[in-house]
Amino acid sequence: MANNVNNEPQIESALPITVKNLTKTYGDMYALNNVDVDIKSGEFLTLLGPSGSGKTTLLMAIAGFNRPDSGSIKFGGNEMILTPPHKRDVGMVFQSYALFPHMTVAENVAFPLKLRKVNAAEIKERVATALETVQLGELGNRDIDQLSGGQRQRVALARAFVFKPRILLMDEPLSALDKKLREQMQIELKQLHRQLGVTTVYVTHDQREALTMSDRIAIINGGEIVQIDTPDVIYNSPSNSFVADFIGESTILPLRADASGKLLFENQPISDGPPENMHDNGKGWALVVRPERVFISDESTSGDENVVSFDGIVKEFVFQGDSAFALITVAEKHELSVRFGTNSASFQNALQSGDKISLGLNLSDITIIPGDE
Amino acid sequence: MLLGFSIPAILVVIAIILIPIGWLFYLSFIGNDGQFTMEHYQKMVEYKSYKRVFFTTFQVSLFTTIICILIGYPLAYFLASLPPRVAGFFMLAVLLPFWTSLLVRTYAWLVLLQKKGILNEFAMNIGLWDTPLKLVHNMTGTLIGMAHIMLPFLVLPLLGSMKKIDKDLMHAAANVGASPSKAFWTVFFPLSISGLVAGSLIVFVLCLGFYVTPAVLGGGRVVMVSTQITAILENQFNWGAASALGVVLLISTLLVLYISSKIFKFDNALFGKK
């Protein structure tokens, strides 16, 4: 999409979105519970969470399709909470695409411009440019039911940005596409976002999609934002067990505090104390281990004080092509997930279940989170 | 192989539809003396009374259809917007009269609308009007009764097409800047037209051949083709003339269907998508 830099549609400026104390209930269920979020101008923010977490409710509140019980939504300083959707001037791509079946591709894209009483010549030009941008230049005269899923997605996108909104909302726009097309569209959407520079709020339940596309990710669960940060911070330093579990693969191991406050895993010191930036929920502390950070230890790492070591027994070993996955029983009661690259030296000796194995993990690769039980 | 199962149905269609209609055609060309004649059709062209009967038939059908659209469209829109459980209740209200006898409903209207009927008495009691209004045994009564009976035939296909409209489409229209009324006229209404046309056509065509309601509520003043056929048979026992009327009604009904299918391209609305 970005190969057409010269006649790209220009968005004059993007708008920041400020959400404050937003609450929305359905019966006694909190769909949104006192949500605060600051979305910067031009940012690509992803709302990520399981189904029913409130992420779509938040998006719909920003679009104006539901009325929150309390709180505030500001676009660049202007309160929007009472503004009806058709006056909010935000573009939106719907999960079902919501293309008008009685209009052609070009008519769909022209619709927002016609409503704005843009003159016919300019409409023609802008529709052509928008379709060009989403690589559908040839298909303007097609009916919607003649398009493939991927093409519909692009039309929906063109319709959402053709009127130069300063905010673009997307509700799981890629969920209906097959895996290959989805991955291709992720890159294209990312490029389009860079090209348009528009503030983008993107809803998905696919963590890989969120990691691929976002400037920042807001993890939502039970109507609350659990953590909001850049993809690498979210992945490397999850702030609680929900995030650690939801993003990527992980094993969460319980820690024990000794008399001096040191945190131990099976008598191995992990940390001098709980991390300072974390809230102690009174349920103890736990260790997050990412499967791909674990390695098979040898002489060079044994005795290194920056390495935590686990002695265990192989329970399961599966070859998966680009990597191999193993389940290791550690200290007789914990199951540790481990992933090996299939081209690495560590993979040379394929494992059998029942094998004894020594594993290591750099202290810099561990994250301590509040415990769960 | 599966075609074999359709053979009984095809035979029934031939036996109860094609043969009687063929017989009807044949009779319409037979005079009282048993000889072949065109006189029944000639009379229809020559006599003004026949023209008036056809005019009345089309007039009643058209007005009934218009009344049904004016009442039925908002009703279907309302039903389509309700949550399924509540919609079910209101749907029952639409369908309940549909399941009761046509004759009963027609006579019920007679009771309600007649000179000393409930409506006139009530209106005069609360002072809406002083002398009883003539609400029955005329065109007014016929149209009220017909519209009531025909309404479900319009609402059902219309509701079907409205329910198929994705709610996200209205959201999408609002999102790109359409006010609620603009979104209705540019998105919802165009997408509901196929159901509206299908329903209107069913109502119109059913009205063309309707008998009971105009006979009872028209009180002899609203003479439609069907009532005229009965009159000819009862008074003159003239099978030829009655058959000729039937044939002309049948042909004009088919003509209406054919022309509207050309105008509205509704074949996919009535007969499924091409």
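Residues numbered from 1 in each chain as written. Chains lettered and ligands numbered in written order. Predicted model: local features only at pLDDT ≥ 70, side-chain atom pairs only at ≥ 80, totals over all residues. Heavy atoms only, no water.

**Some details on the overall build of chain A**
- The helix and strand tally for chain A stands at eight helices and 20 strands.
- Burial analysis of chain A (373 residues in total) assigns 51% to the buried set.
- Considering only contacts within chain A whose residues lie at least 6 apart along the sequence, 67% involve residues at least 24 apart.
- Counting every atom, chain A has about 17,300 Å² of accessible surface; 46% of that belongs to carbon and sulfur. (Helix = DSSP H or I, 4+ residues; strand = E, 2+ residues; numbered from the N terminus. Buried < 20%, exposed > 50% of the residue type's maximum accessible area, 1.4 Å probe, protein only. Contact = heavy atoms within 4.5 Å. Areas by Shrake-Rupley, 256 points an atom, 1.4 Å probe, with all protein chains shown as cover.)

**Some thoughts on the overall build of chain B**
- Assigned secondary structure in chain B consists of 13 helices and zero strands.
- Scanning chain B from its N terminus toward the C terminus, one meets helices and strands in the order α-α-α-α-α-α-α-α-α-α-α-α-α.
- Viewed in the frame of its principal axes, chain B has a C-alpha envelope of about 75 × 70 × 35 Å.
- For chain B, with 274 residues in total, the buried portion stands at 40%.
- Nonlocal contacts in chain B, meaning residues at least 24 apart in sequence, comprise 69% of its contacts between residues at least 6 apart.
- Of the roughly 15,700 Å² of accessible surface on chain B, a fraction of 72% belongs to carbon and sulfur atoms.
- Of the side-chain charges in chain B, 18 are positive and 9 negative, and the distance between the mean point of each set is 7 Å. (Lys, Arg positive; Asp, Glu negative; His and termini not counted. Charge placed at Lys NZ, Arg CZ, Asp CG, Glu CD.)

**Things to note about the sheet that holds strand β12 (residues 263–265) of chain A**
Residue and element names in this part refer to chain A.
- Pairing within the open sheet is antiparallel, and its five strands lie in the order β13-β12-β11-β14-β20. Two strands in the sheet have a free side with no partner beyond their single neighbour: β13 (268–271) and β20 (367–370). Ignoring strand direction, the axes of neighbouring strands in this sheet form an average angle of 45 degrees.
- Two elements, strand β14 (residues 285–289) and β20, share four bridges in a ladder whose sense is antiparallel. Within the sheet, the bridge partner assigned to Leu287 lies in β20 and is Ile368. (Pairing = 2+ DSSP bridges. Axes fitted to C-alpha atoms, helices over the stretch in contact; angles between N-to-C directions.)

**Regarding the nonpolar core**
- If you look at the biggest cluster of nonpolar residues, it comprises 112 residues, and the most contacted ones within it are Ile17, Leu22, Leu58, Phe75, Phe111 and Leu169 of chain A.
- Among the elements that take part in this core, helix α7 (residues 139–163) of chain B stands out by supplying 11 residues, more than any other.
- Among the nonpolar cores identified, the runner-up in size contains 25 residues, and Leu253, Leu287, Val289 and Leu336 of chain A belong to it. (Core = buried A, V, L, I, M, F, W, Y, C linked by side-chain atoms within 4.5 Å.)

**Regarding the sheet that holds strand β17 (residues 323–330) of chain A**
Residue and element names in this part refer to chain A.
- Here we have five strands laid out as an open sheet, ordered β15-β19-β16-β17-β18, and antiparallel in their pairing. Whereas interior strands pair on both sides, the edge strands pair on one side only; in this sheet they are β15 (295–296) and β18 (334–341).
- Examined bridge by bridge, β15 and strand β19 (residues 356–362) share two bridges and lie antiparallel to one another. Bridge pairing in β19 places Phe295 opposite Gly360.

**As for the confidence of the model for chain B**
- On average, residues of chain B score 88 in pLDDT, and 96% of them reach the 70 mark or higher.
- For this predicted complex, the interface score ipTM comes out at 0.80, alongside a pTM of 0.81. (pLDDT = per-residue confidence, 0-100.)

**A few points about the packing of aromatic side chains**
- Under the definition given, this model contains 21 aromatic pairs over all chains.
- Between Phe242 of chain A and Phe246 of chain A, the aromatic rings sit 5.5 Å apart at their centres with planes inclined by 10 degrees, giving stacked as the arrangement. Taken together, the residues span about one helical turn, with Phe242 of chain A and Phe246 of chain A both in helix α8 (residues 241–246) at a distance of four residues.
- Phe242 of chain A sits in the partly exposed class, given a relative accessible area of 22%.
- Their ring planes at 80 degrees and their centres at 5.1 Å tell us that Tyr77 of chain B and Phe188 of chain B sit as a pair that is edge-to-face. A residue pair is termed long-range when its members are at least 10 positions apart, and Tyr77 of chain B in helix α3 (residues 48–81) and Phe188 of chain B in helix α9 (residues 180–208) qualify at 111 residues.
- Sitting above the plane of the Phe100 of chain A ring, Arg159 of chain A keeps its charged end 4.7 Å from the centroid. (Phe/Tyr/Trp six-rings, centres within 6.5 Å; stacked < 30°, edge-to-face > 60°. Lys NZ or Arg CZ within 6 Å of the ring centre and 35° of its normal.)

**A short note on the pattern of salt bridges**
Residue and element names in this part refer to chain A.
- For the structure shown, the criterion picks out 12 salt bridges over all chains.
- Across the pair Arg126 and Glu122 runs a salt bridge whose closest N-O atoms are separated by 3.1 Å. Residue Arg126 and its partner Glu122 are located together in helix α3 (residues 120–133), separated by four residues, close to a single helical turn.
- Glu122 sits in the partly exposed class, given a relative accessible area of 33%.
- A salt bridge links Arg154 to Glu188; the nearest nitrogen and oxygen atoms lie 3.2 Å apart. Highlighted residues: Arg154 in helix α4 (residues 149–161) and Glu188 in helix α5 (residues 179–196), separated in sequence by 34 residues.
- According to the relative accessible area criterion, Arg154 is buried, its value standing at 9%.
- Take Glu188: its relative accessible area is 7%, and that puts it in the buried class.
- Connected via shared salt-bridge partners are Glu292, Arg293 and Asp365. (Salt bridge = Lys/Arg side-chain N within 4 Å of Asp/Glu carboxyl O.)

**Here we look at the interface of chain A and chain B**
- At the interface, 21 residues of chain A touch 19 residues of chain B.
- Of the roughly 1,600 Å² buried between chain A and chain B, counting both surfaces, carbon and sulfur atoms make up 69%.
- At the surface where chain A touches chain B, the tally comes to six residue pairs in polar contact (both at pLDDT 80 or more).
- Per element, the largest residue contribution to the side of chain A that touches chain B is three residues, and it comes from helix α2 (residues 105–115) of chain A.
- Class assignment for the residues of the side of chain A that touches chain B results in 14 nonpolar, four polar and three charged. (Buried area = accessible area lost by both parts, 1.4 Å probe. Polar contact = N/O pair within 3.5 Å; in protein donor to acceptor, adjacent residues only side chain to side chain. Nonpolar A, V, L, I, M, F, W, Y, C, P; charged D, E, K, R; others polar.)

**Focus on the confidence of the model for chain A**
- Per-residue confidence for chain A gives a mean pLDDT of 87; residues scoring 70 or more make up 93%.
- Note that pLDDT drops below 50 for residues 1–11 of chain A; the model gives that stretch 25 contacts with residues more than four away or on any other chain.

**With respect to the pairing of β13 of chain A**
All names here are of chain A.
- Summarising the sheet, β12 and β13 pair through three bridges and their orientation is antiparallel. Paired with Phe265 across the bridge in β13 is Gln268.
- Hairpin remark: β12 followed by β13, antiparallel, with two residues in the connecting loop; positive phi at Glu266, about 45 degrees.

**Remarks on helix α8 (residues 167–175) of chain B**
- For α8 of chain B, every residue scored as buried is listed here: Leu169, Ala172, Ala173, Ala174 and Asn175 of chain B.
- At its buried positions, α8 of chain B is contacted by β6 (91–93), α2 and α4 of chain A together with α9 of chain B.
- At the N-terminal boundary of α8 of chain B, the capping side chain belongs to Asp166 of chain B, with an oxygen 3.0 Å from the backbone nitrogen of Asp168 of chain B.

**Thoughts on the pairing of strand β4 (residues 70–75) of chain A**
Residue and element names in this part refer to chain A.
- Here strand β1 (residues 17–26) runs beside β4; their pairing, made up of five bridges, is antiparallel. By the bridge assignment for β4, Thr18 is matched with Lys74.
- Where β4 meets strand β5 (residues 78–79), two bridges bridge the pair, whose relative direction is antiparallel. Bridge pairing in β5 links Phe75 to Asn78.
- The antiparallel hairpin formed by β4 and β5 contains two residues in its connecting segment, where Gly76 sits at a positive phi of about 55 degrees.

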